Amino acid sequence: KNDAVPLPLCPSTPSARLLSSPSTTTTATAPHHSLLKMSTPTNGETPMLTPLTAEQVTLEIKDPVDPGALEQARAILKELGDGAAVPPASLLKVARRLGDVPPASDPASGPDPVPSSLLFVSKEECKAAFDALPPVERSALINIHARVRAFALAQRASVTDMEIPIPGGRAGHTVAPCQTAGCYAPGGRYPLPSSVVMTAVTARAAGCAKVILASPRPQPITLAAAHVCQVDVFLRVGGAQAVAAMAYGVAGASEPCDVIVGPGNKWVTAAKSLVNGYCGIDMLAGPSEVLVIADPTADAEVVAADLIAQAEHDVVARAILLSTCSDTIDQINVHVKEQVAVLPEPNRSTARRAFQQSFSVRCASIDEAIALSDSLAPEHLEIHTAKADAVGARCGNYGGLFVGRDAAEVLGDYGAGPNHTLPTGGTGRYTGGLSVFNFLRIRTWMRVDDREKAQGIVNDSIVMARCEGLEGHARAAECRSLTAIPAYKTAKPEVP
């Protein structure tokens, strides 16, 4: 892992020596959002990516839950029953107020239909949306579904029931899915049918008996994705109210979910933090991010396109470039500016705001770039270098890894196979992305068939229980001993 990978020299520094010693890694001392005097490239233009040094970059460990959104989500959950099955009328009231469904006075809402007709999408409506799609869009949905399902099924097959012998018996574990999965698909700035596929298909592959989907103001393509994924229940609400409806169930309409997964806005994240424990969640996701490690062999035009693809997600998204070559950074900046200028709206404005908090770092070596990347643990990590496989294999912390020029992160977004719901904000240091394992329970068991052969376990348990001061534990073990008399048979009651 520590073998240095020889790389081309940067044209702007022909005499540069690519350092490979771990001692070249710099300790971060200043936050990367500090107001810095930006250096100006030779062409005199301000770069899209703020140039920083390695010393100026550090991981921001932020609470992904926005305090204001948390209080608002808490109020919504309380209004909806705060733990009890959500009354449909209450859910409809909140959904109307927050714009998920038309207001009662809107002629489009019709003459006071029953709440369920506004809160839920029927399977027939989803099928009709799928049938109405152009053939190319139907084909894309089916293909993406098949690839994501194949990968998820392979994940599921990778963990199985097992058992081993123990003194006097056997012990093992069983792998079983939760019964009801809740899947959230955003419906804000852009419809995200891909999130329907990534969440619902994965739950199905894990073996969940029921899949409940929530997405506000769903577009036809989202309805069609729900049909392809064979969703059981489709709630047309979003935000904290959707999380409450999935966590606690909707009275008379849908049951509580055992786990809730999927990306969402700050109110979804806040609500997930509040119901965590009552049910399971996948993660508390923050703003999306991509980090690219590039050397002089990188295709600047392609790298720029990948950075923009991430920046257009949200105004708080972040694109990061680490390169061993100043010329490469300058070239990528030029392409970013040119490509952003011809984006349609609102994508262009969104990307420009996201680039205000994005940055580049000229690294002394690939070793330094890898160390800096590992310290940030980006959601998406792209490798655009010579011997990209070797460089990628040395990277330790990330949500998803994309190796080489043609392994675009957007291909992962749209169903190459691996899931696109990935850890953000440095959490890739200790967790991974959404997978079948989020829906599975590993349940252990043990059995003792031969009491005599189990005496070693019994004796050790007696000793350790008394080391911990847990006399009741010790006596419960003594009940299984063939030699010891349980202390409760000889002990005298203590005088109060």
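Let us now look at the packing of helix α8 (residues 239-248) against helix α9 (residues 266-275). Helix packing for two helices is described by the angle between their axes and how far apart those axes are. Here α8 crosses α9 at 30°, and the two axes come no closer than 7 Å. On the basis of their axis angle, the class for α8 and α9 is roughly parallel. Between α8 and α9 lies a crossing of right-handed hand. On α9, the residues that touch Gly239, Ala240, Val243, Ala247 and Tyr248 of α8 are Trp267, Val268, Ala271, Lys272 and Val275. Partitioning the contact of α8 with α9 into residue classes produces eight nonpolar, one polar and one charged.

Our focus in this paragraph is the nonpolar core. One finds Leu141, Val197, Leu213, Cys229, Val231, Phe234 and Phe439 to be the most contacted residues of the largest nonpolar core, which totals 40 residues. Those elements giving two or more residues to this core turn out to be α4 (123-132), α5 (135-157), β5 (180-184), α6 (193-206), β6 (210-214), α7 (220-228) and β8 (259-261). Among the elements that take part in this core, α6 stands out by supplying eight residues, more than any other. Apart from the residues lying within four places of it in its own chain, the contact partners of Val197 are Leu141, Ile144, His145, Val148, Thr202, Ala225 and Cys229. Core analysis: the next-biggest nonpolar cluster, separate from the first, contains 38 residues, Ala69, Leu91, Ala245 and Ile260 among them.

Cis geometry marks the peptide bond from Glu345 to Pro346, where omega comes out at 5°. Residue Gln230 is not a glycine yet carries a positive backbone phi of 55°. Position of Gln230 among the secondary structure elements: in the loop between α7 and β7 (233-235). On the accessibility criterion, Gln230 (57% relative accessible area) is exposed. For Lys387, which is not glycine, the phi dihedral falls at a positive 50°. When you line up the elements, Lys387 lands in the loop between β13 (380-384) and α14 (388-394).

Spatial strand order, β1-β12-β11-β10-β13-β14: six strands in an open sheet with parallel pairing. Edge positions in the sheet fall to β1 (50-52) and β14 (400-403), since each of these pairs with one other strand and no more. Across the sheet, the mean angle from the axis of one strand to that of its neighbour is 20°, orientation sign disregarded. Bridging between β13 and β14 involves four bridges; their strand directions are parallel. Paired with His380 across the bridge in β14 is Gly400. In this fold helix α10 (residues 300-311) packs onto β10 (289-294), β11 (318-323) and β13, with an angle of close to 165° to the strand it touches most, β10.

For the rest of this paragraph, the subject is the pairing of strand β4 (residues 169-177). Across a regular strand the side chains alternate sides, sitting on one face of the sheet and then on the other. Burial runs high along β4: seven of the nine residues are buried. Here strand β3 (residues 162-166) pairs with β4 via five bridges, running antiparallel. Residue Glu163 lies in a different strand from β4, and its bridge partner there is Gly172. In textbook terms, the turn of a hairpin is the stretch between consecutive antiparallel strands, and for β3 and β4 this stretch comprises two residues, one of which, Gly168, has a positive phi near 85°.

What counts, and where the lines are drawn
- Residues numbered from 1 in each chain as written.
- Predicted model: local features only at pLDDT ≥ 70, side-chain atom pairs only at ≥ 80, totals over all residues.
- Heavy atoms only, no water.
- Axes fitted to C-alpha atoms, helices over the stretch in contact; angles between N-to-C directions.
- Helix = DSSP H or I, 4+ residues; strand = E, 2+ residues; numbered from the N terminus.
- Parallel < 35°, antiparallel > 145°, perpendicular 65-115°, else oblique.
- Left-handed = near helix turned anticlockwise from the far one by under 90°.
- Contact = heavy atoms within 4.5 Å.
- Nonpolar A, V, L, I, M, F, W, Y, C, P; charged D, E, K, R; others polar.
- Core = buried A, V, L, I, M, F, W, Y, C linked by side-chain atoms within 4.5 Å.
- Buried < 20%, exposed > 50% of the residue type's maximum accessible area, 1.4 Å probe, protein only.
- Pairing = 2+ DSSP bridges.

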